[in-house]
Every structure is written in structure tokens, then in C-alpha cells.
Amino acid sequence: ANLRRIARPGSSLFLVSDFRGAWEETAREQLFELGKHTEITAIACSDPLEADLPRAGSYAVTDGVSRSELDTGDAALRRRFAEQRERRQATIAADFLKLGIPLLRADTGTAPFSLLSRYYGDQRR
């Protein structure tokens, strides 16, 4: 909503995010409205360490208030984690495709310039 207020019509915007929450209806509506008057390129950032659960074991996890145990050796949990991640990525990709917003995928091990030069071409020649 803040970006919609400050982005001038015809602007080129690069949204760099992990897009957590982007599949929620409010976020989808904001992107739709923003895309009507601006040119958006979405860059979905991820950390390979977050792609999978840690190796099988029992881990203590906390939200700063409560504490619980996470058993990453549970095959059903690992499957649900992977399926949820795939659903989120598919939903985001489908939404951006409907809106005509290019979606680039980047991870923390990739140099940002190399990603953009692959997509837009090396203009330094």
C-alpha cells in the first residue's frame, strides 16, 4: 500500500523479497493494483538452508515465548514441509504470470548482477 502511494505511473520497480505472505489475498490485490500503472520485476530470494528441514533429529524450537521440539526424522513432516513450499512457490508464480510480472529466482549464493544480466542481457558491451 505504501509503495502504491509513492510509485509514479510508468515507474519500473524491482521487488526483492522472499514473498512470504504474498499468496494472501490482501497482498495479491496490492500487487494487482500496483501492476496497473508500473512495470514490476519480482525477484524471489531464498536461502538454500531454508529449502529443506535440517537433517533427521530432534530440535528445540522457540518463538521467543514458548518452546517445543521438532522431530525432522518424521517422513510425513518432511513431505508436508516440501509440499507446502512447492504450493507456495506455484501460487506465487501463477499470480505473477497472471499479472504479467516477470518472476526471477535468486538464492543467497548467487550474485545479483549475474541474475539480472541473464534476464536483461549484459548492456555493457
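The structure under discussion appears in the preceding block.
Engineer: Just to check I follow, could you spell out the pairing of strand 4 (residues 67-71) for this structure?
Structural biologist: Side-chain positions along a regular strand alternate between the two faces of the sheet. Two strands pair when backbone bridges link them, and strand 3 (residues 58-62) and strand 4 are joined in this way by five bridges, in the antiparallel orientation. Each residue of the ladder has a partner; that of Thr 62, found in strand 4, is Arg 67. The antiparallel pairing of strand 3 with strand 4 creates a hairpin that spans four residues between the two strands, and Gly 64 there sits at a positive phi of about 95°.

Engineer: What's the story with the packing of helix 2 (residues 25-37) against helix 4 (residues 75-99) in this structure? I'm lost.
Structural biologist: Each packed pair of helices is defined by two parameters, the angle between the axes and the distance between the axes. It is the contact of helix 2 with helix 4, at a shortest axis distance of 10 Å, that shows an interaxial angle of 25°. Taken together, helix 2 and helix 4 sit at an angle that is classed as roughly parallel. Between helix 2 and helix 4 the crossing geometry is right-handed. Side by side, helix 2 and helix 4 meet where Arg 28, Leu 31 and Phe 32 of the first sit next to Thr 91, Asp 95, Phe 96 and Leu 99 of the second. The class makeup of the residues in the contact of helix 2 with helix 4 is four nonpolar, one polar and two charged.

Engineer: Looking at this model, I keep getting lost on helix 4. Mind explaining?
Structural biologist: Side chains three or four residues apart in an α-helix point the same way, a direct result of the helix having 3.6 residues per turn. With 25 residues, helix 4 extends 36 Å between its outermost C-alpha atoms, agreeing within 8% with the 36 Å of an ideal straight helix rising 1.5 Å per residue. Looking only at helix 4, the buried set comprises Leu 77, Ile 92, Asp 95 and Phe 96. Summarising the contacts, the buried residues of helix 4 are in contact with helix 2, strand 2 (39-46), strand 4 and strand 5 (103-107). For helix 4, the N-terminal cap is Asp 74; the gap from its side-chain oxygen to the backbone nitrogen of Ala 76 is 2.9 Å.

Conventions we followed
Residues numbered from 1 in each chain as written. Predicted model: local features only at pLDDT ≥ 70, side-chain atom pairs only at ≥ 80, totals over all residues. Heavy atoms only, no water. Pairing = 2+ DSSP bridges. Helix = DSSP H or I, 4+ residues; strand = E, 2+ residues; numbered from the N terminus. Axes fitted to C-alpha atoms, helices over the stretch in contact; angles between N-to-C directions. Parallel < 35°, antiparallel > 145°, perpendicular 65-115°, else oblique. Left-handed = near helix turned anticlockwise from the far one by under 90°. Contact = heavy atoms within 4.5 Å. Nonpolar A, V, L, I, M, F, W, Y, C, P; charged D, E, K, R; others polar. Expected span 1.5 Å × (residues − 1). Buried < 20%, exposed > 50% of the residue type's maximum accessible area, 1.4 Å probe, protein only. Polar contact = N/O pair within 3.5 Å; in protein donor to acceptor, adjacent residues only side chain to side chain.

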